[in-house]
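Examination of the molecular architecture
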Amino acid sequence: MPMPASRPLILGSTSRYRRELLERLGLPFEVVAPEVDETPRAGESPAALAARLALAKARAVAQRHPQAVVIGSDQVADLDGEPLGKPGDHARATAQLRRMRGRTVVFQTALAVACADSGFEQQDLAPVRVVFRELADTEIENYLRIEQPYDCAGSARSEGLGIALLEAIHSDDPTALVGLPLIRTCRLLRAAGLQVP
């Protein structure tokens, strides 16, 4: 059984993928929607956008729950410096995957942990280099019809059928591509004073 945390833990996210990943640590936690405007700023790089949004999410929830340790995270797909967000629908997902075929895309997964009461605030970035295969239009269409990854940055769900679209994944934090870099999460939670088994 995991040791009880000295402070409550909150995941500031509406992502089911992040919730499922955090459950792997065996720590009790709540999920609270951060309600943050995710609109990119003019000229903002994908890494800067992901980092800003992760911190904004952690801070927004920490202000409402000052005693809790709050995790915020965000992911932006980076194609030659251009941010690719969640497509939202089939047509945009098709366009994204056509642009990414045969290319290397860096998925910038940002993490922030904050606690208002203690004044703790740290963040980290886990870039994941993903090499896409030269995909035929029929492969893209089949994948999208089966997977429907319209809520995933860059339309790619590597934990599902999306793995078949790829040549290689380069990362030092294997869960980062799914949406929450757990190695870095454990490190920041320990730094915030929580016991992580």
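Because the structure is a prediction, the values reported are computed rather than measured.

So, on to the overall build of the chain. For the chain, the helix and strand inventory stands at five helices and seven strands. Listing each helix as α and each strand as β along the chain from the N terminus yields β-α-β-α-β-β-α-β-β-α-β-α. For the chain, whose C-alpha radius of gyration is 17 Å, the value lies close to the compact-globule estimate of 16 Å for 197 residues. If you line up the chain on its principal axes, its C-alpha atoms span 50 × 40 × 25 Å. Within the chain, the fraction of its 197 residues that count as buried is 49%. Counting only contacts in the chain whose residues sit at least 6 apart along the sequence, the fraction spanning at least 24 positions is 68%. For the chain, the separation between the mean place of its 23 positive charges and that of its 25 negative charges on side chains is 1 Å.

Another point: the pairing of strand S5 (residues 104-115). As a general feature of sheets, a regular strand has side chains that alternate between the two faces. In terms of burial, S5 is a largely internal element, eleven of the twelve residues being buried. Direction of pairing for strand S3 (residues 69-79) relative to S5: antiparallel, over a ladder of nine bridges. Each residue of the ladder has a partner; that of valine 70, found in S5, is alanine 114. Here S5 pairs with strand S6 (residues 120-132) via twelve bridges, running antiparallel. Its bridge partner lying in S6, valine 105 is registered against valine 130.

Moving on, we get to the packing of helix H3 (residues 90-100) against helix H4 (residues 137-147). Axis separation between H3 and H4 bottoms out at 10 Å; the angle between their running directions is 135°. Regarding the angle of H3 to H4, the classification is oblique. Crossing geometry of H3 relative to H4 is assigned as right-handed. In contact with His90, Ala93, Thr94, Leu97 and Arg98 of H3, H4 contributes Asp137, Ile140, Glu141, Tyr143, Leu144 and Arg145. A class-by-class count of the residues in the contact of H3 with H4 yields five nonpolar, two polar and four charged.

Moving on, we get to unusual backbone geometry. Backbone phi values are negative for most residues with the exception of glycine, while trans is the configuration of most peptide bonds. Located in the positive-phi region is glutamate 35, a residue other than glycine, with phi close to 55°. Among the secondary structure elements, glutamate 35 is positioned in the loop between strand S2 (30-31) and helix H2 (46-64). Residue class for glutamate 35 comes out exposed when judged on its relative accessible area of 69%. Of note in this structure, glutamine 148 is not a glycine but carries a positive phi near 50°.

Along its 19 residues, H2 runs 28 Å from first to last C-alpha, staying within 8% of the 27 Å computed at 1.5 Å per residue. Looking at H2, one finds that the buried residues are Pro46, Leu49, Ala50, Arg52, Leu53, Ala54, Leu55, Lys57, Ala58, Ala60, Val61 and Ala62. Looking at the buried side of H2, the elements it contacts are strand S1 (9-11), helix H1 (16-23), S3, strand S4 (82-84), S5 and S6.

Moving on: the layout of surface pockets. There is about 360 Å³ of room inside the largest pocket. Along the walls of the largest pocket sit 23 residues, with Ser15, Tyr17, Arg18, Lys86 and Asp151 positioned nearest its centre. Looking at the lining of the largest pocket, the elements with two or more residues in it are H1 and S3. Among the elements that line the lining of the largest pocket, the one with the most residues is H1, at three residues. Tallied by class, the residues present in the lining of the largest pocket amount to eight nonpolar, six polar and nine charged. Roughly 160 Å³ of internal volume is contained in the second largest pocket. Surrounding the second largest pocket, Glu38, Pro40, Leu49, Leu53, Asp74, Gln75, Val76, Pro83, Leu84, Gly85 and Lys86 form its lining. For the lining of the second largest pocket, the secondary structure elements donating two or more residues are H2, S3 and S4.

Conventions and cut-offs
Residues numbered from 1 in each chain as written. Predicted model: local features only at pLDDT ≥ 70, side-chain atom pairs only at ≥ 80, totals over all residues. Heavy atoms only, no water. Helix = DSSP H or I, 4+ residues; strand = E, 2+ residues; numbered from the N terminus. Rg over C-alpha atoms; globule rule 2.2 N^0.38 Å. Buried < 20%, exposed > 50% of the residue type's maximum accessible area, 1.4 Å probe, protein only. Contact = heavy atoms within 4.5 Å. Lys, Arg positive; Asp, Glu negative; His and termini not counted. Charge placed at Lys NZ, Arg CZ, Asp CG, Glu CD. Pairing = 2+ DSSP bridges. Axes fitted to C-alpha atoms, helices over the stretch in contact; angles between N-to-C directions. Parallel < 35°, antiparallel > 145°, perpendicular 65-115°, else oblique. Left-handed = near helix turned anticlockwise from the far one by under 90°. Nonpolar A, V, L, I, M, F, W, Y, C, P; charged D, E, K, R; others polar. Expected span 1.5 Å × (residues − 1). 1 Å grid on protein atoms, 1.4 Å probe; cavity = no way out; pocket = protein on both sides within 12 Å on 5 of 7 lines; lining within 4 Å. Points joined across faces, edges and corners; volume = space filled by probe spheres on them.

Honestly, it's all geometry; don't read function into it.
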